[in-house]
Amino acid sequence: MKETKTSAEKVVKHPKPKLMNVKLEKLQPFEDHPYKVLDDESMTELVESIKEYGFLNRIIVRPLEDKQDEYEIISGHRRVHAAELLKMKEVPSVVHFIDRDQATIMMVDSNCQRENLSLMEKARSYRMKLDAIKHQGTSRQNVEKSEVSAELISENDSGRTVQRLIRLTYLVPELQEYLDNGKMKMLPAYELSFLNEEAQRDVIDRIDETESFPSHAQSRRMRAAFEKGKLDYDTVTGIMAEVKPNQVEKLKIPMDDIRKYFPREYTPVQMVECITKMLENNQRKEKHRTEDLYR
């Protein structure tokens with residue numbers, strides 16, 4: 001007996017993608033898309049390339065459900081802006097007849113291969129894709145597992161990296177900006193993302209006052225204090241006032257300059273210990289000599 005599919009199991013068929021030229025005035029940017037479109041050197045190069053060779057690849061769009069004959073850009077925001085700068089009337093497009101969640105996943109997949117994405121652009125992309133997958137109801141129970149969600153979200157980044165990147169979206173805008181301009185590293189920012197907004201702004205205030213940023217170890221200590229309910233501005237100040245290992249000055253002496261003063265079998269560690277002892281002995285002798293002069 002032939003089995004029949006229930007309504008929940010039926011596959012919804014969409015029309016095949018369609019190739020067409022779409023007028024610029026009919027194109028809308030993807031709502032809340034995370035990618036920056038800047039009038040920088042790269043944009044100038046793109047404009048010149050399109051001017052000389054035309055569009056090497058079609059942009060990807062989908063019809064908007066609530067607006068007739070208008071389309072949402074899935075991939076190609078920078079190319080559309082370049083076309084606007086060139087005062088073009090229309091751009092070659094591939095129209096996909098898909099819903100919002102499918103479009104989100106396609107947008108992330110088509111853009112995350114770019115090498116020039118900032119940390120926060122990638123972080124917001126992964127967060128949007130994860131939310132879309134969950135909204136679709138795709139293995140909702142499995143999506144919560146980091147190793148499964150990593151496979152669904154990225155083929156290139158490890159599960160831990162995907163988790164950390166998505167976590168960065170919980171940072172307040174100022175800390176996200178520090179990440180994108182390279183003033184703060186990913187690991188300290190990841191730890192700070194577990195603080196609430198008030199605590200994060202305490203950190204920002206301290207950064208503004210000292211013009212220095214917390215290390216990974218300091219950020220972990222602030223997170224631990226926050227989770228115990230013991231993080232306030234004074235605690236933030238105390239933790240960030242500590243000298244970081246990379247701020248401790250080190251004296252470097254070429255080995256060739258001092259090797260001749262020690263037995264051949266001495267290791268560098270033994271040399272340092274010997275030099276330190278000699279300096280301590282010399283300091284004691286100088287102290288005794290000074291005391292003798294004032295007796």
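The rules behind each value
- Residues numbered from 1 in each chain as written.
- Predicted model: local features only at pLDDT ≥ 70, side-chain atom pairs only at ≥ 80, totals over all residues.
- Heavy atoms only, no water.
- Helix = DSSP H or I, 4+ residues; strand = E, 2+ residues; numbered from the N terminus.
- Buried < 20%, exposed > 50% of the residue type's maximum accessible area, 1.4 Å probe, protein only.
- Contact = heavy atoms within 4.5 Å.
- Areas by Shrake-Rupley, 256 points an atom, 1.4 Å probe, with all protein chains shown as cover.
- Core = buried A, V, L, I, M, F, W, Y, C linked by side-chain atoms within 4.5 Å.
- Axes fitted to C-alpha atoms, helices over the stretch in contact; angles between N-to-C directions.
- Parallel < 35°, antiparallel > 145°, perpendicular 65-115°, else oblique.
- Left-handed = near helix turned anticlockwise from the far one by under 90°.
- Pairing = 2+ DSSP bridges.
- pLDDT = per-residue confidence, 0-100.
- Patch = residues over 30% accessible without salt bridge, like charges linked within 9 Å, V, L, I, M, F, W, Y side chains within 5 Å.
- Salt bridge = Lys/Arg side-chain N within 4 Å of Asp/Glu carboxyl O.
- Lys, Arg positive; Asp, Glu negative; His and termini not counted.
- Charge placed at Lys NZ, Arg CZ, Asp CG, Glu CD.
- Polar contact = N/O pair within 3.5 Å; in protein donor to acceptor, adjacent residues only side chain to side chain.

Bringing the overall build of the protein into the picture now. Counting its regular elements, the protein contains 14 helices and five strands. Looking at the protein as a whole, 36% of its 295 residues qualify as buried. In the protein, 69% of the contacts between residues at least 6 apart in sequence involve partners at least 24 apart. About 20,100 Å² of surface is accessible on the protein, with carbon and sulfur atoms providing 49% of the total.

As for its position among the elements, Leu46 is in helix α1 (residues 41-53). The exposure class of Leu46 is buried, given its relative accessible area of 17%. Through-space distance from the C-alpha of Leu46 to that of Ala82 is 6.8 Å; in sequence the pair is 36 residues apart. Those residues in contact with Leu46 that lie beyond four places of it in its chain are Arg78, Arg79 and Ala82.

What follows deals with the nonpolar core. The nonpolar side chains of a soluble globular protein tend to be buried, and buried together. In terms of nonpolar packing, the biggest core is built from 44 residues, with Leu168 and Leu175 touching the most fellow members. Looking at this core, the elements that each hand over two or more residues are α3 (100-111), α4 (119-136), α7 (159-167), α8 (173-180), α9 (186-192), α10 (197-210), α11 (216-227) and α12 (233-241). Non-local contacts of Leu175, meaning those with residues more than four positions away in its chain, are made with Met184, Leu192, Gln200, Ile204 and Ile207. If you look at the next biggest cluster of nonpolar residues, it comprises 17 residues, including Leu46, Val47, Phe55 and Ile73.

Turning our attention to the packing of α10 against α12. It is the contact of α10 with α12, at a shortest axis distance of 9 Å, that shows an interaxial angle of 45 degrees. As the angle between them shows, α10 and α12 are arranged oblique. In this structure, the crossing between α10 and α12 has a hand that is right-handed. Contacts from Asp202, Val203, Asp205, Arg206, Ile207 and Glu209 in α10 reach Tyr233, Val236, Thr237 and Met240 in α12.

Another point: the sheet that holds strand β5 (residues 90-95). If you walk across this open sheet you meet the five strands as β1-β5-β3-β4-β2, and the pairing is mixed. The open sheet has two edge strands with one neighbour each: β1 (18-23) and β2 (27-28). Alignment of strand β3 (residues 59-63) against strand β4 (residues 71-75), held across four bridges, turns out to be antiparallel. Bridge pairing in β4 places Val61 opposite Ile73. Strand contacts of helix α2 (residues 77-85): β2, β3, β4 and β5, with the helix running at about 120 degrees to β4, the strand carrying the most contacts.

Now for the confidence of the model for the protein. Across the protein, pLDDT averages 85, with 85% of residues at or above 70. Within the model, pLDDT remains below 50 along residues 139-148, and this stretch shows 12 contacts once partners closer than five positions in the same chain are excluded.

What follows covers unusual backbone geometry. At Asp32, a position not held by glycine, the phi torsion is positive, near 60 degrees. In this fold, Asp32 is placed in the loop between β2 and α1. For Asp32, a relative accessible area of 64% corresponds to the exposed category. Here the phi dihedral of Glu211 falls at roughly 55 degrees; this positive angle occurs in a residue that is not glycine. Mapped onto the secondary structure, Glu211 falls in the loop between α10 and α11. The exposure class assigned to Glu211 is exposed, which follows from its relative accessible area of 71%.

So, about a negative patch on the surface. A cluster of acidic residues, Asp39, Asp40, Glu41 and Glu45, forms a negative patch at the surface. Following the sequence through the fold, Asp40 ends up in the loop between β2 and α1. Residue classification places Asp40 among the partly exposed residues on the basis of a relative accessible area of 32%.

Assignment of secondary structure puts Ser125 in helix α4. Side-chain polar atoms of Ser125 contact the side chain of Tyr35, separated by 2.7 Å. With residues near it in sequence (within four places) discarded, Ser125 still touches Pro34, Tyr35, Val108 and Cys112.

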